Amino acid sequence: MKTKNYFSILKRVGRLCLLSGTMLVATSVFAADITTGLIIHYDFEAVSGTTVPDVSGSAFDGTLAGAAAVTTGYIGQSGLQCTAKADYLSLPAGFTTNLTSFTYSAWVKLDALKDATRFFDLGIGANSSSTNNFLAFIPSLNGDDQYMVLRYRPASGTAYNVASTVKCPVGVWAHVAVTYNWNGTYGTATIYLNGSAVGTGTNLPYNPSLSLGSTTDNFVGYSRWPSNTNGFGGVLDDVRFYNRALTTADIMALRGVPSELTAEYNNLTASTLIAGGNLTNVTSNLNMPQTVTTPGVSITWTSSNTAVVSLDGTVTRPTNFDATSILTATLSETSNGETYTLVKSFTVVVKATNILGDILANWDFNKDLIFVENGLTKVKSSSEMPFVGTVMNDATIRTIGAPTSIQYNVLYTGNGTGYFDLGTAIGEAVYSLTDYTIAGYFRADDDAVISTGGNFYWTLSNTADAVADPTGYIIGQLNVQRNAITPTLYSAEQGVSAGTAAPVGGWHHIAYVQSGTTGTVFVDGVSVATAPVSNLPSTTLPIIGRTGTYYNWLGRSPYVLDNYLKKTMLYGFQLMKATVSGPDLINGYDVYPGVLTTIQNLDAAYAENPNYVSGGLADEANNLTLGDLSAVTSNITLPTKGTLDNTINISWTSSNTLVIANDGTVTRPKYFNVNDTLIATLSKDAQTITKSFPATVLLEPGTEFTTDLIVKYDFSSVSDSTVTDAAEMHFAGKIKNNASIASMGTTQIYKVLNLGDGNGYFDMGLEVGKVLYHLNDYTMSCYYRIDASYEDILKNGNYLWLFSNSTDALTGKNGYINGTLTTQAVSITPTFYSAKEAVSYATAASLGGWHNLTYTQSGTIGTVYVDGYNVASGTVNNLPSTTLPKVGLEGTPFNWIGRSCYPASDVYLRKTLVYDFRLYKLALDADQIKTSVLNVEGTIPSLDNAYNEYFNGVIQIVNSPYKVTSTVGEIKIIGLQGTEKVSVFDIAGRQLKVVNVNRITTNAGIYFVKVDNYVAKVIVK
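Residues numbered from 1 in each chain as written. Predicted model: local features only at pLDDT ≥ 70, side-chain atom pairs only at ≥ 80, totals over all residues. Heavy atoms only, no water.

**Q** Account for the overall build of the protein chain, naming residues and giving values.
**A** If you tally the helices and strands in the protein chain, you get 14 helices and 68 strands. Based on the C-alpha atoms only, the size of the protein chain along its principal axes is roughly 100 × 95 × 50 Å. For the protein chain, with 1021 residues in total, the buried portion stands at 55%. Here the analysis covers contacts within the protein chain between residues at least 6 apart in sequence; of these, 66% occur between residues at least 24 apart. Counting only carbon and sulfur atoms, one obtains 49% of the accessible surface of the protein chain, whose full area is about 39,900 Å². (Helix = DSSP H or I, 4+ residues; strand = E, 2+ residues; numbered from the N terminus. Buried < 20%, exposed > 50% of the residue type's maximum accessible area, 1.4 Å probe, protein only. Contact = heavy atoms within 4.5 Å. Areas by Shrake-Rupley, 256 points an atom, 1.4 Å probe, with all protein chains shown as cover.)

Below you can see the structure in the form of structure tokens.
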């Protein structure tokens, strides 16, 4: 260790005196040990060429790569700047050979939190995603949504992640460290930020010396994975590796924490809060000191759940479920102008006033617990807490077995988006779990596909979309027979997996048991996998302001692109606040028989009758009729009781409540007839049967289109910011932000939309969106002129048109159609970009001059035309009428010219003029596009001529002091004074390079000459 560095640390806390070259410090500082076990130390003070000396004495010198360079550091004079992916520090091979426990420590100053960069990355195989065996400390596992993570990934199997609870700061110096202590059986990892422990993982199974072995590719500031192109983006200083796990006191010493602050930190213990220090069984108020005894040291508190523990220590016990609150004390001291802060957290479990049994929820679908409400089938849990779940979409309750023997009611997920919503109330129970069991029976049909992504049995989640809102969940997957828990999303999961898909055909049972920090998966009562899992629901999942998980499902994933669990029966789903052993599962527990006995009974019932329906219920369904629904114009009477058996209840749901409500009220649509399906659910004695009634609701009289042209925004009718469409319905759009209407031409005058140079766009209005929901064959067409000075045409965005169900397709993945000039492509998707179908010219639009983009859809063939010419064609199965409609919407609400539905990443279309956007409800052919209907061939030259004649203050040169003439291969301009701006364009709008403004050399052709705001057309022979 270089002496000046330790001096610098001590100077920062005001503990250094220099006397005749001797260092004198207070004894309390040396209570820590920051020298023993130091095997690598880079202070960057004596870098020579690409060599970074190891000042620990171990001779593990590092090597700079790329443009990694010495810059101003935090300790001493120098640090290491690593910006791009290629800029990093390479460490010698083999220093991990005998590493069992270790510590990494460094000062860092990050420019940003980038996805999956590295503080360090130790492994074998540089830039190789096929080599999994590695250990890495990651500033941010998934961009700025994530926290610091210590990640070990074995050569095969599950990765182990230990995450911090706070993010690494950006733009300021911070001290980061991670320790790993191997006790011979398992390891404990702790992440530190500025001296405070901010993340811990226990019961970890890897011994670095055995798991990693002798690593050959070791880096600081570099990720070995080729798919990660992010550079570190920051400065590192005082980088250290130890062959032991430093203590908290050691880490504080590296941070340079004043001794008084360290003492107060050490004095604050669980016993300070409660006599005896037991915070796992709290029933009375806590002592949370608001001051400390040392002058200059302050303390403040936060509580993750102030509803149970307030900031003054007042405890409010919950009624039914234990509740956890993380109490965080922040201790601060300012010394020599620098403020030091230490954070210490305490996990407090406040006991509920009611003592419930171990089985918190049990859905056995008993007929006495099934009822219908507002057209939805609901099922109560047969537990002390009568949670209520709802059968969703095409899921149903099915009875298996014959009435003369044992029968079971089960949930059948169907072959679409069926699932069972457990409700939000059970989420409070989820937040209380420490030791717990989740279990249930299942039977996948013989032709069910279970092995693909998704196929979740259970989801207990804070989020309905884990990518857009990564806030944590518990999941049980049948595709690999696995349970996992995460505070964020998949990249930070801890899980236990059997590694094989669940079998199809026959009943089976799956259970996950959490005992302490060990998780076990049981299949049919037999343990098939076990692994350390330190993330517990009570501490991993709670979100401030919530009392429990909101999204609790059977058969549905929290990842919107995942498959639903299809063609599968579910029975006996249980959530328990206790561990169930293998023998308990086999032999039975509480009042529940063993799983093998239950599986045998379920198999027998299924074999007798896989879908028993009483004859009376089937007869009633056959007898139920609504008459002719092929041309509905008025309200429909929907019976609620059977006519053959009036004890049979009938409930109704409509596939489109905007036209037919669930009570039969009819609202006739505009513009097009609308198809709907009424579904009757007949129920009696827990059995249900459904019957569908297709219906067509006729459009409102007087709103039908009489021609194929639906929309024509030519910007000829403008009042203030409102533009009226020139087609027959006269839809109204709005000019937004700094967009405006401009004039072109003198011979023929055109009104055009000027998108400006900012965030201007045109909103085509809601009524246009209603049309989109009914299109099959169609044509979209628009003229545009991009200024030659526009530099962003290759950037994502540059949408000429957009019809979307959401303003942000990343967070609201609800589908859209877009036409982009970046690649001259048209795309349609039911969700967002990853599921799009597109036809693309794969070439950016031309700058300068007027052009046209047209797209036609004929059957399943999409075609892109540029300037009237077919440039790309392909198969597009997604049609607007089947891809875009969403429940609760009459049409796409966001219909824009010049604006994208990806606001975080895409640019507006700028420096562009737009003319004559059209939408037809048929596919025009090539001749109609080029000549007879759109007449692109004739319109583009006319637009170019008008632009060069006059564009908002640009006037003909005949009214100027200048004269333009031509000779063979040359244009001459007479009257120039030498200060004018001269530009020349050909007939296609391409700008020529002008070397001599007085005599301009050209090829033969037609040209437009612009002198300041004056324009002339000239023919060169």
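Picking up where we left off.
**Q** An account of the sheet that holds strand β66 (residues 999–1001) is requested, with residue identities and associated values reported.
**A** The sheet built from 3 strands is open, its strands ordered β63-β64-β66 with antiparallel pairing. In the strand order of this sheet, the two ends are held by β63 (963–967) and β66, each with one partner. Across the sheet, the mean angle from the axis of one strand to that of its neighbour is 20°, orientation sign disregarded. (Pairing = 2+ DSSP bridges. Axes fitted to C-alpha atoms, helices over the stretch in contact; angles between N-to-C directions.)

**Q** I'd love a proper account of the pairing of strand β11 (residues 134–138), names of residues and values included.
**A** Counted residue by residue, β11 has 5 buried out of 5 residues, so it is predominantly covered. The side-chain alternation of β11 yields two buried faces, one formed by Phe 134, Ala 136 and Ile 138 and the other by Leu 135 and Phe 137. Relative to β11, strand β10 (residues 120–123) runs antiparallel, the two being bridged by 4 bridges. Looking at β11, one finds that Phe 120 is bridged to Phe 137. Relative to strand β13 (residues 149–153), β11 runs antiparallel, the two being bridged by 5 bridges. In the sheet register, Phe 134 faces β13, and the bridge partner there is Arg 153.

**Q** So, the sheet that holds strand β44 (residues 687–697): which residues are in play, and what are the values?
**A** With antiparallel pairing, the 3 strands of this open sheet are ordered in space as β42-β43-β44. Pairing within the sheet leaves two strands with one partner each, and these edge strands are β42 (649–654) and β44. For this sheet, the mean angle separating the axes of adjacent strands, direction not counted, is 20°. As paired elements, β42 and strand β43 (residues 674–684) share 6 bridges and run antiparallel to each other. What sits directly across from Asn 649, in β43, is Ser 683. Here helix α10 (residues 615–623) sits on the sheet and contacts β43 and β44; the angle it forms with β44, its principal contact strand, is near 10°.

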